[in-house]
Amino acid sequence: MRKFTVLIASIGLAATSMTISPFAAASASPGPTIDGTATRADGSPFSRGAPVALFATARDHADSTVGRTVESVRVATSRVGASGAFELTIGDIATVEALADESAVVDFEVRAVDGTALAPFSISRKIVHADGRVLLVDPAFDQETSPARAATTEPLQITGTTTIESPLEAGLIAEGSAPAVQGSGAAPMTQVCGETKTKNLGTRRVLVGATYAMAGSTTGRFTYKAGASSSLGVAYSASGRGGTWSKAGTTSRSSTAGVSFGSRTGGNAYSTYFTYGQYAQWCRPLGSSKNNVYNHVVKANGYAGGSSVRRAPVPSAKYCTPLSRRDTVTRKTTTSNTWSNAVNFSGPLGVNLTAKTGWSSSASMSYTNNSSSNKRICGTHGYWGGTPIRAVTK
């Protein structure tokens, strides 16, 4: 089993490894484009000509039964070029919109294959219509944030370890076939692909935020309202057995009920609960009724609610500005922290999954200086007015 890395180089999409560019909703101009670079773990690029494709899948729900099956629609195809670079252009946005949920959110998966190595990568995106354009942005996008700002991102490195016999097994164009025409959407389908729920994995406690009110007479508050969106880690395995799972991307799920964790002193980690499921991914030739399972995926599929608060170690924070007496500061825009071990799956899977909740009017943190003397508010990655990520009072 070969290990490989996929580096998705982004130039304009919120909080992810991929870029989706805007396009005019009523024109024949090219649709949203996802650019990336595929490399192996040793830094060598994927082979020129290796197939890569983008799939969209209807979103599952926590109350769906084991055995529920949905199709994964291939919405763009391409091939890896020089230095592992690729570009995927969605030619039919209507197909993507038809798979969106009531909040206009769509689940995507990028699949790149080099030889027998399969690199799956999950991501969710929200369809936003703004200024005569259609944008695909991070579901944590808030109306107080401009669409242009919501369409910014940083490169993300993805790793995976799964193998297949041929690209066609995962619904990609077959070895030796003609490359897809760029911007034409997907190549003609010779396979039907989809996924079937095989297990309900119940609820998992998910870390969604933290505050660190360490200065005397200061308090921190984290609020997670209904509609708050969290990007929750996804894991893949060729066999589905414990100890064979690898993390690759995220899926976004939103809360359907709010949690106000109250004002607290010291370091506190705030969690709520989501439901998870395991799914078998399959493809089959057109005209066949037999699904050929090639991979398995574990991902969040709903919000369960509830709350949990635990003491948290205080991070180093050196980007400090004054916090005047009796004042309150609130952070509800820009990027929040990605928690690497936010969801405990070490028992059944052998890996823990990530979580990240974007600051918005639905998910915010604030600090209050209740004393008669000035304090400081210090960010771990930047000043409070910029991108603090996490913050500590001193």
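Residues numbered from 1 in each chain as written. Predicted model: local features only at pLDDT ≥ 70, side-chain atom pairs only at ≥ 80, totals over all residues. Heavy atoms only, no water.

All right, on to the overall build of the protein chain then. Looking only at helices and strands, the protein chain has 2 helices and 25 strands in total. Considering only contacts in the protein chain between residues 6 or more positions apart, those separated by 24 or more positions represent 74%. Surface exposure of the protein chain reaches about 15,700 Å², of which carbon and sulfur atoms provide 50%. (Helix = DSSP H or I, 4+ residues; strand = E, 2+ residues; numbered from the N terminus. Contact = heavy atoms within 4.5 Å. Areas by Shrake-Rupley, 256 points an atom, 1.4 Å probe, with all protein chains shown as cover.)

It is worth spelling out unusual backbone geometry at this point. Notably, Ser 217 is not glycine yet its phi reads approximately 65°, a positive angle. With respect to the element layout, Ser 217 can be found in the loop between strand 12 (191-213) and strand 13 (218-224).

So, on to the pairing of strand 9 (residues 133-137). Burial analysis of strand 9 places 4 of its 5 residues in the buried class, which makes it a mostly covered element. One ladder, built from 5 bridges, connects strand 8 (residues 117-130) with strand 9; its direction is antiparallel. Among the inter-strand pairings, Val 128 is bridged to a residue of strand 9, identified as Leu 135. Between strand 8 and strand 9, which pair antiparallel and follow one another directly, the connecting turn spans 2 residues, one of which, Asp 131, has a positive phi of 55°. (Buried < 20%, exposed > 50% of the residue type's maximum accessible area, 1.4 Å probe, protein only. Pairing = 2+ DSSP bridges.)

In the predicted model, the protein chain carries a mean pLDDT of 83, and the fraction of residues at 70 or more is 82%. Low pLDDT, under 50, characterises residues 1-29; the stretch is placed with 141 contacts to residues that sit more than four places away or in other chains. Across residues 175-186, confidence stays below pLDDT 50; counting only partners more than four residues off in sequence or on other chains, it has 24 contacts. (pLDDT = per-residue confidence, 0-100.)

Below, the discussion takes up the pairing of strand 13. Counting buried residues along strand 13, 6 of its 7 residues qualify, which places the element largely inside the surrounding structure. Where strand 13 and strand 23 (residues 363-369) come together, 7 bridges link them in antiparallel fashion. Residue pairing in the sheet places Thr 223 in a bridge with Ser 364 of strand 23. With 4 bridges joining them, strand 13 and strand 16 (residues 259-264) adopt antiparallel strand pairing. Across the sheet, the residue bridging to Tyr 224 is Val 259, located in strand 16.

The subject of this paragraph is the sheet that holds strand 23. The strand order across the open sheet built from 4 strands is 16-13-23-20, with neighbouring strands paired in antiparallel fashion. Two strands bound the open sheet, and with one partner strand each, they are strand 16 and strand 20 (328-331). Geometrically, the sheet is characterised by an average inter-axis angle of 10° between neighbouring strands, direction not taken into account. For strand 20 and strand 23, the ladder comprises 4 bridges, and the chain directions are antiparallel. (Axes fitted to C-alpha atoms, helices over the stretch in contact; angles between N-to-C directions.)

Another aspect to go through is the packing of aromatic side chains. In total, this model carries 9 aromatic pairs according to the counting rule given. Measuring from centroid to centroid gives 6.4 Å for Tyr 224 and Tyr 303, while their planes differ by 45°, and the two rings are tilted. With a gap of 79 residues between them, Tyr 224 in strand 13 and Tyr 303 in strand 18 (residues 292-311) connect regions that are remote in the sequence. Tyr 303 matches Tyr 224 in its accessibility class, with the two residues each being buried. When the centroid spacing of 5.5 Å and the interplanar angle of 85° are considered together, the rings of Tyr 319 and Tyr 383 count as edge-to-face. Pair noted here: Tyr 319 is in strand 19 (residues 319-323) and Tyr 383 is in the loop between strand 24 (375-379) and strand 25 (391-393), with a separation of 64 residues, a long-range link. A relative accessible area of 26% means that Tyr 319 is categorised as partly exposed. Connected via pairs of aromatic rings, a cluster forms that spans Phe 222, Tyr 224, Phe 261, Tyr 270, Phe 274 and Tyr 303. (Phe/Tyr/Trp six-rings, centres within 6.5 Å; stacked < 30°, edge-to-face > 60°.)

The next subject is the environment of Ser 263. Residue position: Ser 263 is located in strand 16. According to the relative accessible area criterion, Ser 263 is partly exposed, its value standing at 44%. Residues Ser 263 and Phe 222 lie 41 residues apart in sequence; the distance between their C-alpha atoms is 7.8 Å. Among all residues touching Ser 263, those that are not within four sequence positions of it are Thr 219, Gly 220 and Arg 221.

A full pass over the atoms with the stated rule returns 7 salt bridges. The partner of Asp 107 in a salt bridge is Arg 59, and the shortest N-O contact between them spans 2.7 Å. Linking Asp 107 in strand 7 (residues 105-114) with Arg 59 in the loop between strand 4 (51-57) and strand 5 (69-79), this pair joins segments that are 48 residues apart in sequence. Both residues of the pair, Asp 107 and Arg 59, belong to the buried class. A salt bridge links Asp 60 to Arg 68, with the nearest nitrogen and oxygen atoms 3.0 Å apart. On the basis of relative accessible area, Arg 68 is assigned to the partly exposed category, the value being 30%. A cluster of three or more residues bridged by salt bridges with shared partners is formed by Arg 59, Asp 101, Asp 107 and Arg 253. (Salt bridge = Lys/Arg side-chain N within 4 Å of Asp/Glu carboxyl O.)

Moving on: the state of the cysteines. Applying the stated criterion across every chain yields a total of 2 disulfides. The residue that forms a disulfide with Cys 193 is Cys 283, at a sulfur-sulfur distance of 2.0 Å. Disulfide Cys 193-Cys 283: torsion about the S-S bond near 105°, hence right-handed. Pair noted here: Cys 193 is in strand 12 and Cys 283 is in strand 17 (residues 266-285), with a separation of 90 residues, a long-range link. Accessibility expressed as a relative area gives 1% for Cys 283, which makes it buried. Bonded cysteines in the protein chain are paired 1-2, 3-4 when counted in the order they occur along the chain. (Disulfide = S-S within 2.5 Å.)

Bringing the nonpolar core into the picture now. Counting residues in hydrophobic clusters, the biggest one holds 40 residues, and the most contacted among them are Val 206, Phe 222, Tyr 224, Tyr 276 and Tyr 367. Counting residues per element, this core draws most heavily on strand 12, at 6 residues. Counting residues in hydrophobic clusters, the runner-up holds 26 residues, among them Ala 56, Val 106, Ala 112 and Ile 123. (Core = buried A, V, L, I, M, F, W, Y, C linked by side-chain atoms within 4.5 Å.)

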